[in-house]
Amino acid sequence: MKMLRRFLALAVSMALAASLVACGSGSGTESGGSTAGSTPSSGEKRALCMGTGSPSGAWYIIGGGISNAVNLNSSQFTITNEASSGGGENLRNLQEGNVDIVMLNCDMGYFYYTSTDSYEGAGSDTLRSMIAMPSSPMHIVVKAGSGIDSLDDLKGKSIAVGTAGSGYESFASKVIACAGMSYDDMKVQMINPSQMPEAMQNGQIDAFFYPVQAPGSAITELALSTDIELMNLSEEFIDKFMSEYVGYIEYTIPAGTYNGQDADISTLATGQFIATDRDNFTEDEMYALMCDIFDNREEWVVSHNTCAEITETNIGSLIVPLHVGAVKFYTERGVEIPEELIPAEAQ
């Protein structure tokens, strides 16, 4: 019976990935769902929207697995998995009330929470963490034999960094700045990450910055058709970067992760997490939702190979305070919560 339920959850996830409707239209759904942030009438399940990522990316796949497990088992909630261009769009939708839950990079979430960096004066201290997700290592991809062996070698080259204001571009810009350079030192293309591999194949770019959970499917496919290399960052540079920016960790991409990669690659990574707004859920609602997610973990952990790292005791990468309902959940599960993750409303 358990195997049947897991198979059903996975089958529903695959079907919905091609057919889910957009959230937050402001008019609800014919099936009785409510718009983002609204409260259902008595006896109805509350319809939630979760902002994830591109349909081919890990966030969307993981979000689909979680959504379907909740939809099959929860007595209180349904979740629609909303595709997006990433963290920047997710935060805009959260701020506008179009979604209830979002997936974010830890650095972007921290900047939004503190209204600093790219969100100076435009963030909100009501952002709250829910669940820690696997880290996303920076892949600096270059063509084999290009002569690009270090960040300094990027001067004068054509590079892609992601769309303007995205988490990809924010991470890339910081790496470049930490190396003592700016976009003026190179020919920068701000294109969608999904376009980067093809741009390299066509000779339009010499390198691209791609922070994605390893192995990244786009890089895996590129490595099968094009001779590529991943840039190794020095220990000195990694230490310097981590001393200047919050939300990042040192990361090793193991040898053999990609075709032709014969050695470990030292790089940086940003943590990722699922978040919400403080006012989107009461303490009891968030506690119930956290229980729905983790009590049915066996049904969504199979949706992506990195889901094994998402557990009810792993909150070490979080740097934005938890929702008060999440505090209740983790405390009940025996997790020691650092003081900086306790929100003011829970103290």
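Structure first, text after, so check above.
Owing to the predicted nature of the structure, the values given are computational and were not obtained by experimental measurement.

How each quantity is defined
Residues numbered from 1 in each chain as written. Predicted model: local features only at pLDDT ≥ 70, side-chain atom pairs only at ≥ 80, totals over all residues. Heavy atoms only, no water. Helix = DSSP H or I, 4+ residues; strand = E, 2+ residues; numbered from the N terminus. Buried < 20%, exposed > 50% of the residue type's maximum accessible area, 1.4 Å probe, protein only. Contact = heavy atoms within 4.5 Å. Areas by Shrake-Rupley, 256 points an atom, 1.4 Å probe, with all protein chains shown as cover. Phe/Tyr/Trp six-rings, centres within 6.5 Å; stacked < 30°, edge-to-face > 60°. Patch = residues over 30% accessible without salt bridge, like charges linked within 9 Å, V, L, I, M, F, W, Y side chains within 5 Å. Salt bridge = Lys/Arg side-chain N within 4 Å of Asp/Glu carboxyl O. Lys, Arg positive; Asp, Glu negative; His and termini not counted. Charge placed at Lys NZ, Arg CZ, Asp CG, Glu CD. Polar contact = N/O pair within 3.5 Å; in protein donor to acceptor, adjacent residues only side chain to side chain. Axes fitted to C-alpha atoms, helices over the stretch in contact; angles between N-to-C directions. Parallel < 35°, antiparallel > 145°, perpendicular 65-115°, else oblique. Left-handed = near helix turned anticlockwise from the far one by under 90°. Nonpolar A, V, L, I, M, F, W, Y, C, P; charged D, E, K, R; others polar. Expected span 1.5 Å × (residues − 1).

Draft legend 1. Representation of the overall build of the protein chain within the structure. Secondary structure summary: the protein chain contains 11 helices and 10 strands in total. The burial tally for the protein chain puts 50% of its 347 residues in the buried class. Looking at the protein chain alone, contacts between residues at least 24 apart form 72% of all its contacts between residues at least 6 apart. Element-wise, carbon and sulfur atoms account for 48% of the exposed surface of the protein chain, whose accessible area totals about 15,000 Å².

Draft legend 2. Fine view of the packing of aromatic side chains. Considering all chains together, one arrives at 12 aromatic pairs under this definition. Seen in terms of ring centroids, Phe 171 and Phe 241 are 6.2 Å apart; in terms of plane orientation they differ by 40°. Their pairing is tilted. Taken together, the positions of Phe 171 in helix H5 (residues 167-178) and Phe 241 in helix H8 (residues 235-244) put the pair 70 residues apart, joining distant regions of the chain. Here the aromatic rings of Phe 241 and Tyr 248 are separated by 5.0 Å at their centres, their planes lie at 85°, and the arrangement is edge-to-face.

Draft legend 3. Representation of a negative patch on the surface within the structure. Taken together, Glu 235, Glu 236, Asp 239 and Glu 250 make up a surface patch of like negative charges. Among the elements that take part in the negative patch, H8 stands out by supplying three residues, more than any other. Examined against the element boundaries, Glu 236 turns out to sit in helix H8. Among the residues examined, Glu 236 registers a relative accessible area of 67% and is labelled exposed.

Draft legend 4. Structural detail: the environment of Lys 45. Relative to the helices and strands, Lys 45 resides in the loop between helix H1 (2-17) and strand S1 (46-51). Classification of Lys 45 by relative accessible area gives partly exposed; the value is 34%. C-alpha separation for the pair Lys 45 and Ile 79, spaced 34 residues apart in sequence, amounts to 9.9 Å. Engagement of the side chain of Lys 45 in a polar contact is seen with the backbone oxygen of Ser 74, the distance being 2.8 Å.

Draft legend 5. Spotlight on the side chain of Thr 306. With respect to the helices and strands, the residue Thr 306 is situated in the loop between helix H10 (297-300) and helix H11 (324-332). Engagement of the side chain of Thr 306 in a polar contact is seen with the side chain of Gln 213, the distance being 3.0 Å. Residues in contact with Thr 306, not counting those within four places in the same chain, are Ile 62, Pro 134, Gln 213 and Ala 214.

Draft legend 6. Seen up close, the packing of helix H9 (residues 283-294) against H11. Remark: H9 packs on H11, axes separated minimally by 7 Å, with the N-to-C direction vectors making an angle of 50°. Considering the angle they form, H9 stands oblique to H11. For H9 against H11, the interelement crossing comes out right-handed. Along its contact with H9, which presents Glu 283, Asp 284, Met 286, Tyr 287, Met 290, Cys 291 and Phe 294, the element H11 presents Val 324, Gly 325, Ala 326, Lys 328, Phe 329, Tyr 330 and Glu 332. For the contact of H9 with H11, the per-class residue count stands at nine nonpolar, one polar and four charged.

Draft legend 7. The side chain of Ser 166, seen in detail. Along the polypeptide, Ser 166 turns up in the loop between strand S5 (158-160) and H5. Taking relative accessible area as the criterion, Ser 166 reaches 8% and is therefore assigned buried. A polar contact is formed between the side chain of Ser 166 and the backbone nitrogen of Glu 169, at a distance of 3.2 Å.

Draft legend 8. Spotlight on helix H2 (residues 58-73). Look at H2: 23 Å from first C-alpha to last across 16 residues, which is about the 22 Å you get at 1.5 Å a residue. A large share of H2 lies buried, amounting to 12 of its 16 residues. If you check which residues of H2 are buried, you get Ala 58, Trp 59, Tyr 60, Ile 62, Gly 63, Gly 64, Gly 65, Ile 66, Ser 67, Asn 68, Ala 69 and Val 70.

Draft legend 9. Structural detail: the pattern of salt bridges. All told, the structure shown has 10 salt bridges when counted by the stated rule. In this structure, Glu 312 and Arg 333 form a salt bridge, with 2.9 Å as the shortest nitrogen-oxygen distance. With Glu 312 in the loop between H10 and H11 and Arg 333 in the segment after H11, the pair connects residues that are 21 residues apart, well separated along the chain. On the accessibility criterion, Arg 333 (24% relative accessible area) is partly exposed.

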